[in-house]
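Chain residues, written in single-letter form:
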Amino acid sequence: MKGWLAAAGVLAGLLLLNSLFSGALLPGVAMPPYLLQVLCLAGINITLAVSLNLINGFTGQFSIGHAGFMAIGAYSSAYFTVTFGERLRAAFGFLPDFGRESLVLLAALSIGAVLASIAGFFVGVPSLRLRGDYLAIVTLGFGEI
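Remember, predicted model here, so these are calculated numbers, not experimental data. Along each chain, residues carry numbers from 1 onward, in the same order as the chain's sequence is written. Where local features are concerned, this predicted model is filtered to residues with pLDDT of at least 70; where side-chain atom pairs are given and counted, the filter is 80 or more; whole-chain, interface and lining totals use all residues. To get the side-chain values, take all heavy atoms of the structure and skip hydrogens and water.

Q: Is there a simple way to think about the overall build of the protein in this case?
A: The helix and strand tally for the protein stands at 5 helices and 0 strands. Secondary structure counts use DSSP, requiring at least four H or I residues in a row for a helix and at least two E residues in a row for a strand, with both numbered from the N terminus. Each helix (α) and strand (β) of the protein, taken in turn from the N terminus, gives the series α-α-α-α-α. Out of the 145 residues in the protein, the part that is buried amounts to 19%. A fraction of 57% describes how many contacts in the protein between residues 6 or more apart in sequence connect residues 24 or more apart. Relative accessibility decides the category of a residue: with a 1.4 Å probe and only protein chains considered, values under 20% of the type maximum give buried, values over 50% give exposed, and everything between is partly exposed. Any two residues having at least one pair of non-hydrogen atoms within 4.5 Å are treated as being in contact.

Q: Whenever I open this one, the side chain of S77 confuses me. Can you help?
A: Assignment of secondary structure puts S77 in helix α3 (residues 66–91). On the accessibility criterion, S77 (17% relative accessible area) is buried. Polar contact is defined as a pair of N or O atoms within 3.5 Å, subject to the rule that within protein one atom must be able to donate a hydrogen and the other to accept it, and that residues adjacent in sequence are counted only when both atoms are side-chain atoms. From its side chain, S77 meets the backbone oxygen of G73 in a polar contact 3.0 Å long. Apart from the residues within four sequence positions on either side, S77 is in contact with A108 and G112.

Q: Can you walk me through the side chain of S76 in this structure?
A: Mapped onto the elements, S76 comes out in helix α3. Side-chain polar atoms of S76 contact the backbone oxygen of I72, separated by 2.8 Å. Every residue in contact with S76, bar those within four places of it in the chain, is listed here: I111, G112 and L115.

Q: Please clarify how the environment of I55 should be interpreted in this entry.
A: Of note, I55 is situated in helix α2 (residues 33–58). Overall, the relative accessible area of 24% leaves I55 in the partly exposed class. Setting aside anything within four residues of it in sequence, one finds I55 in contact with G60, Q61, S63 and H66.

Q: What is the right way to look at the packing of aromatic side chains in this model?
A: The description of an aromatic ring pair rests on the distance of the ring centres and on the angle between the ring planes. Centres within 6.5 Å make a pair out of two Phe, Tyr or Trp rings, where for Trp the six-membered ring is used; the pair is then stacked when the planes are under 30 degrees apart, edge-to-face when over 60, and tilted otherwise. Evaluated as defined, the whole model comprises 2 aromatic pairs. Ring geometry for F80 and F84: centres 5.7 Å apart, planes at 40 degrees, overall tilted. Residue F80 and its partner F84 are both found in helix α3; the two are separated by 4 residues, about one turn of the helix.

Q: What exactly am I supposed to notice about the confidence of the model for the protein here?
A: Any region with low pLDDT has predicted coordinates that should not be read closely. Every residue gets a pLDDT, meaning the predictor's confidence in that residue, from 0 to 100. When pLDDT is averaged along the protein, the result is 76, and 77% of the positions lie at 70 or above. In the model of the protein, helix α1 (residues 2–21) stands out as the element of lowest mean pLDDT, 65, in contrast to α3, which has the highest, 85.

Q: In this structure, what is going on with α3? I would like to understand it.
A: In an α-helix there are 3.6 residues to a turn, and that puts residues three or four apart on one side. Multiplying 1.5 Å by the helix residue count minus one yields the expected span of that helix. The end-to-end C-alpha distance of α3, which contains 26 residues, comes to 35 Å, matching closely the 38 Å that a straight helix rising 1.5 Å per residue would cover. The quantity called bend is, for any residue, the angle between two axes fitted respectively to the seven residues ending at it and the seven beginning at it. Along α3, the sharpest change in direction is near 60 degrees and occurs at F84. Three or more residues of α3 are buried, namely H66, G68, G73, S76, S77, F80 and G85.

Q: So what exactly am I meant to see when it comes to the environment of S76 here?
A: The class of S76 is buried, set by a relative accessible area of 14%. In the structure, S76 is positioned 37 residues away from A113 in sequence and 9.0 Å away in space, judged by C-alpha atoms.

See the structure below:
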């Protein structure tokens, strides 16, 4: 139960920061684009470091496929945002600006996470019994593909 509460708190904070940094929540209060880009890149790298610590630190396995899974999630969420973002914002016109932007962000993050987890499942099932260097070779192959 605590995990779900933590995830909901992180999601609520992300949506609040998204609307605050874009200037939609408080008009005229926005973060400079350079600082916003640095914070986004720092957040991405922190997420990757935590995921690598999970697989390398706790399980002792060596996986090189993190870049491939990250790419699938990033490309799918970017494709969704570019293709359906404006239509989704227009469909929920009754919401204020920060609500529509947060809804598009939440949908794009969810789609990226689901597609990356599906790819992880398809790579993980065949390599369940692999250990050591063999797991690294399989995940390296996926990352290159």
